[in-house]
Amino acid sequence: MTPELIFPARKPLAQIPTRLQSLNLTDAPHDKRLWIKRDDLTGAALSGNKIRKLEYVLAQALAEGADTLVTCGGFQSNHCRATALTAAAHGLGCELILRGEKPDNLDGNLLLGAMAGADYRCYRAPDYHRNLPLLLRQTAERLKAQGKNPFVIPTGASDEIGLWGYIQAAQELAQDFVALGIERPLVVCAVGSGGTLAGLAAGLAHFCPDARVLGVAVCDNQSYFEQRVQEDIAKAQQVYPQSGLQMPTNYRVNDEFIGPGYAKGYPALYKTIQQLAREAGVILDPVYTGKAFYGLAELMRRGAIAQRDIVFIHTGGIFGVFPEREALQP
Ligand SMILES: *Cc1c(COP(=O)(O)O)cnc(C)c1O
């Protein structure tokens, strides 16, 4: 018997457990079984992987008496959209710090976030990268001066709190594996800020020790993310010393499929997204899940994956499709 993990407080937001389904593609190798964990179905507007993390983050924010959520991300950030909708649903304010130039017409995630009443400010990429910690601090201080109680959520809600959402997802997966007869699986996810990978790795190390995890990076490189996971777990062990959380060694990161850069596409990526839509009725997104799935398919073609059972975590992102409408015309 594995000792119990003790989870922090959680505020239910997500439609979970999500289904684990088999995925049949015309060009998949015959000696593999492909599965897809439908975390794109954790909700409608409030969908994807960020809401699993926000369940734990929101519980902490409410425990601290917060009345405004402050967070940051790219222009079409799924995380900012999910945070804005979560705030609106709980009567909280929301302020977003966004990387990019403000467009004339709002679209995709930003449209939904703005509809939910989030205030947002846009910064050019170099300024954003140089000043992000300062911008977050200044926003929090401005809100405090207005008599508010802000709670700052880091990029992607990837910290020692948010990663519990994917430790819980790993517990769900372990039950799915038993129910479906899945053994020694390779679990694959996109990696953008690292919290999903950190939670899956730590959670599977606990609940399914013979699983391995492969993170496909969509921005920073392999060594950055492998170290980032160690740091986030170490922080969680420090903040939750009674939790029973162990440092995982069951994961690695591949950074070969980023292409021209974060949120920048390439033809093979768009072809992969179109293939899954057509053959499986599954919509991948161009920033995260499309690159991760393309990377997985390419590694299978190269014969670089030993496992028979391969479990792809669909982390959502559907609203990122619309701003890329030109590249995705069938
Ligand atoms: C944020 C995001 C990811 C990456 O998750 P991280 O925990 O930030 O690494 C993957 N897929 C989608 C759709 C996302 O929005």
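As shown above, the structure is provided for reference.
From a predicted model like this one, the values you see are computed outputs, not experimental measurements. (Residues numbered from 1 in each chain as written. Predicted model: local features only at pLDDT ≥ 70, side-chain atom pairs only at ≥ 80, totals over all residues. Heavy atoms only, no water.)

Caption draft 1: Structural view of the overall build of the protein. Looking only at helices and strands, the protein features nine helices and ten strands. For the protein, the C-alpha radius of gyration of 19 Å lies close to 20 Å, the compact-globule estimate for 330 residues. For the protein, the spread of C-alpha atoms along the principal axes amounts to about 60 × 50 × 35 Å. Looking at the protein as a whole, 55% of its 330 residues are labelled buried. Contacts in the protein between residues far apart in sequence, at least 24 positions, make up 78% of those at least 6 positions apart. Charge centroids of the protein, computed over 33 positive and 33 negative side chains, lie 1 Å from each other. (Helix = DSSP H or I, 4+ residues; strand = E, 2+ residues; numbered from the N terminus. Rg over C-alpha atoms; globule rule 2.2 N^0.38 Å. Buried < 20%, exposed > 50% of the residue type's maximum accessible area, 1.4 Å probe, protein only. Contact = heavy atoms within 4.5 Å. Lys, Arg positive; Asp, Glu negative; His and termini not counted. Charge placed at Lys NZ, Arg CZ, Asp CG, Glu CD.)

Caption draft 2: The arrangement of the packing of helix 1 (residues 50–63) against helix 5 (residues 164–180) in detail. Closest axis-to-axis distance for the helix 1/helix 5 pair is 7 Å, and the angle between their directions is 120°. Relative to helix 5, helix 1 is oriented oblique. Seen from above, helix 1 lies across helix 5 with right-handed handedness. Here Arg52, Lys53, Glu55 and Tyr56 of helix 1 lie close against helix 5, whose contacting residues are Trp164, Gly165, Tyr166, Gln168, Ala169 and Glu172. Taken together, the residues that form the contact of helix 1 with helix 5 break down as four nonpolar, two polar and four charged. (Axes fitted to C-alpha atoms, helices over the stretch in contact; angles between N-to-C directions. Parallel < 35°, antiparallel > 145°, perpendicular 65-115°, else oblique. Left-handed = near helix turned anticlockwise from the far one by under 90°. Nonpolar A, V, L, I, M, F, W, Y, C, P; charged D, E, K, R; others polar.)

Caption draft 3: Quick peek at the sheet that holds strand 4 (residues 93–99). Strand order in this open sheet of four strands is 5-4-3-6, and the pairing throughout is parallel. Where the open sheet ends on each side, the last strands, each with one partner, are strand 5 (119–123) and strand 6 (150–152). Ignoring which end each strand starts from, the neighbouring axes of this sheet average 20° apart. Bridge analysis of strand 3 (residues 68–74) against strand 4 gives seven bridges, and the strand direction is parallel. Residue pairing for strand 4: Val70 is matched across the bridge by Glu95. Packed onto the sheet, helix 2 (residues 78–89) meets strand 3 and strand 4 and runs at close to 165° relative to strand 3. (Pairing = 2+ DSSP bridges.)

Caption draft 4: Representation of the nonpolar core. Judged by nonpolar contacts, the single largest core of 64 residues is most densely connected at Phe177 and Leu204. Broken down by element, this core gets its largest block of residues, eight residues, from helix 5. Ignoring anything within four residues of it in the chain, the contact list for Leu204 reads Ala170, Leu173, Phe177, Val187, Pro209, Ala211, Val213 and Asn250. Of all hydrophobic cores here, the second largest spans 32 residues; its members include Leu34, Leu269, Leu276 and Leu328. (Core = buried A, V, L, I, M, F, W, Y, C linked by side-chain atoms within 4.5 Å.)

Caption draft 5: Highlighting the site of the ligand. The environment of the ligand is formed by 17 residues, the closest being Lys50, Lys53, Ser193, Thr196 and Thr315. Between the ligand and Thr315 there is a distance of 2.6 Å, counted from a nitrogen atom to a side-chain nitrogen or oxygen. The fraction of the free accessible surface of the ligand (380 Å²) that becomes covered by protein chains is 99%. Sorting the residues of the shell around the ligand by element identifies helix 1, strand 7 (186–191) and helix 6 (195–207) as the ones contributing at least two each. By residue class, the composition of the shell around the ligand is three nonpolar, eleven polar and three charged. (Near = heavy atom within 4 Å. Polar contact = N/O pair within 3.5 Å; in protein donor to acceptor, adjacent residues only side chain to side chain. Areas by Shrake-Rupley, 256 points an atom, 1.4 Å probe, with all protein chains shown as cover.)

Caption draft 6: Quick look at the sheet that holds strand 9 (residues 251–254). The strand order across the open sheet formed by six strands is 1-2-10-7-8-9, and the pairing between neighbours is mixed. Each of the sheet's edge strands pairs with one partner strand only, and the pair in question is strand 1 (20–22) and strand 9. On average, adjacent strands in this sheet sit at an angle of 25° to one another, irrespective of strand direction. Relative to strand 8 (residues 212–217), strand 7 runs parallel, the two sharing six bridges. Bridging across to strand 8, Leu186 finds its partner in Arg212. Lying over the sheet, helix 7 (residues 222–239) contacts strand 7, strand 8 and strand 9, oriented at roughly 150° with respect to strand 9. With respect to the sheet, helix 9 (residues 289–301) is in contact with strand 2 (33–37), strand 7, strand 8, strand 9 and strand 10 (309–313), its orientation differing from that of strand 10 by roughly 165°.

Caption draft 7: Focus on a nonpolar patch on the surface. Residues Ile283, Ile318 and Phe322 make up a contiguous nonpolar surface patch of about 230 Å² in total accessible area. Counting through the fold element by element, Ile283 comes out in the loop between helix 8 (267–280) and helix 9. What makes Ile283 partly exposed here is its relative accessible area of 33%. (Patch = residues over 30% accessible without salt bridge, like charges linked within 9 Å, V, L, I, M, F, W, Y side chains within 5 Å. Salt bridge = Lys/Arg side-chain N within 4 Å of Asp/Glu carboxyl O.)

Caption draft 8: Molecular detail of helix 4 (residues 125–145). In helix 4, a bend of some 75° at Asn131 exceeds every other bend along the element, and Pro133, a proline, comes one to four places later. Every buried residue of helix 4 is listed here: Tyr128, Leu132, Leu135, Leu136, Thr139, Ala140 and Leu143. Buried positions along helix 4 lie against strand 3, strand 4, strand 5 and strand 6. Looking one or two residues past helix 4, Gly147 carries a phi angle of roughly 85°, positive in sign. (Bend = angle between axes of the 7 residues up to and from the residue.)

Any link to function would need more than the numbers given here.
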